[in-house]
Every structure is written in structure tokens, then in C-alpha cells.
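One letter stands for each residue in the lines below.
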Amino acid sequence: MTRGAAWFADDGRTILVANRLDGSISALDPASGTPGQPITGGKGPLDGTVLGDRAYIPDGRARTLIEIDLGSQAIAALDDLDGTLDPFVAECAFGDLWVLDYGGKRILRIRP
């Protein structure tokens with residue numbers, strides 16, 4: 001689980017670990033630290049964030065934003081980040097998502 005683990009998304013209830021090597025995302029049990037069943041479908045997920053009932057994790061290899069439904073712990077959507085060179089991190093502020101496009105040297109504001 002730790003080899004390739006990128007970053008955590010945490011909202012005080014949910015901890016997610018994105019694994020950039022195998023493309024998986026796993027929810028951890030906060031008490032034991034044990035990972036749940038991997039959520040697959042990504043290619044290179046990185047540092048994400050949680051907003052409401054969804055986690056948003058940029059995928060640097062696929063140049064998409066992975067939306068995870070926290071209730072079902074499944075991918076709800078793969079949003080195309082058209083024109084990005086290297087989406088790297090997502091954060092939430094002011095009710096919106098902000099995605100750092102490291103390669104394009106810009107920040108995208110996304111209204112979910």
C-alpha cells in the first residue's frame with residue numbers, strides 16, 4: 001500500500017490514499033489504518049481534497065479530475081481537464097475546487 005502512495009484527502013471523517021503507481025485510491029479505516037477495497041480507474045492519481053460528499057483527485061497521467069462518491073466509495077465521474085499539462089493537486093476554497101496545473105503554470109477554478 002505504501003509504495004507509490006501519493007497524498008491524503010481528509011475531511012475529518014474520511015482518509016483517502018491515492019497510489020500513483022497502480023492508479024488505485026483506497027479509503028483507510030481511521031481507527032486501524034487498514035485500507036479498504038481499492039477504487040480503480042485512475043492512471044496516476046495525486047493529491048486530492050474532499051468537498052461535501054465527494055473527493056476530488058487529479059490524475060496527472062490521464063489529465064483528469066477523479067470524482068469519488070464517498071457514500072459508495074466508487075468513481076462517480078472522470079472530468080476531463082482539457083488543456084492541462086500536469087494537474088498535480090486539488091484543494092477547496094470559497095466553495096469551489098482549485099487545481100494546480102504544475103506543468104502549465106496555472107491554477108484552474110472549478111465550480112462543482
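If you're wondering where the values come from, they're calculated on a predicted model, not measured in any experiment. (Residues numbered from 1 in each chain as written. Predicted model: local features only at pLDDT ≥ 70, side-chain atom pairs only at ≥ 80, totals over all residues. Heavy atoms only, no water.)

1. Looking at the environment of Thr40
Mapped onto the elements, Thr40 comes out in the loop between β3 (25-28) and β4 (49-51). The exposed category is assigned to Thr40, whose relative accessible area is 61%. C-alpha of Thr40 to C-alpha of Ile75: the two residues are 35 residues apart in sequence and 8.0 Å apart in space. (Helix = DSSP H or I, 4+ residues; strand = E, 2+ residues; numbered from the N terminus. Buried < 20%, exposed > 50% of the residue type's maximum accessible area, 1.4 Å probe, protein only.)

2. Comments concerning the environment of Asp29
Relative to the helices and strands, Asp29 resides in the loop between β3 and β4. A relative accessible area of 37% places Asp29 in the partly exposed class. Measuring from C-alpha to C-alpha, the distance between Asp29 and Ala5 comes to 16 Å, with 24 residues separating the pair along the chain. Engagement of the side chain of Asp29 in a polar contact is seen with the backbone nitrogen of Ala31, the distance being 2.8 Å. A distance of 3.0 Å separates a polar side-chain atom of Asp29 from the backbone nitrogen of Ser32. (Polar contact = N/O pair within 3.5 Å; in protein donor to acceptor, adjacent residues only side chain to side chain.)

3. A short note on the sheet that holds β4
The antiparallel open sheet is built from 4 strands, whose spatial order is β4-β5-β6-β7. Both edges of this open sheet fall to β4 and β7 (74-80), since each of them pairs with a single strand only. Sheet twist, expressed as the average angle between the axes of neighbouring strands with direction ignored, equals 30°. Of the strand pairs in this sheet, β4 and strand β5 (residues 54-59) are connected by 3 bridges, and their pairing is antiparallel. Looking at the pairing, Leu51 lines up with Arg54 of β5. (Pairing = 2+ DSSP bridges. Axes fitted to C-alpha atoms, helices over the stretch in contact; angles between N-to-C directions.)

4. Thoughts on the sheet that holds strand β8 (residues 87-93)
The strand order β8-β9-β10 describes an open sheet built from 3 strands, whose pairing is antiparallel. Each having just a single partner strand, β8 and β10 (106-110) make up the two edges of the open sheet. Going from strand to strand, the sheet's axes swing by 25° on average, the running direction of each strand aside. With 5 bridges connecting them, strand β9 (residues 96-101) and β10 associate as antiparallel partners. If you follow Trp98 over to β10, its bridge partner there is Arg109.

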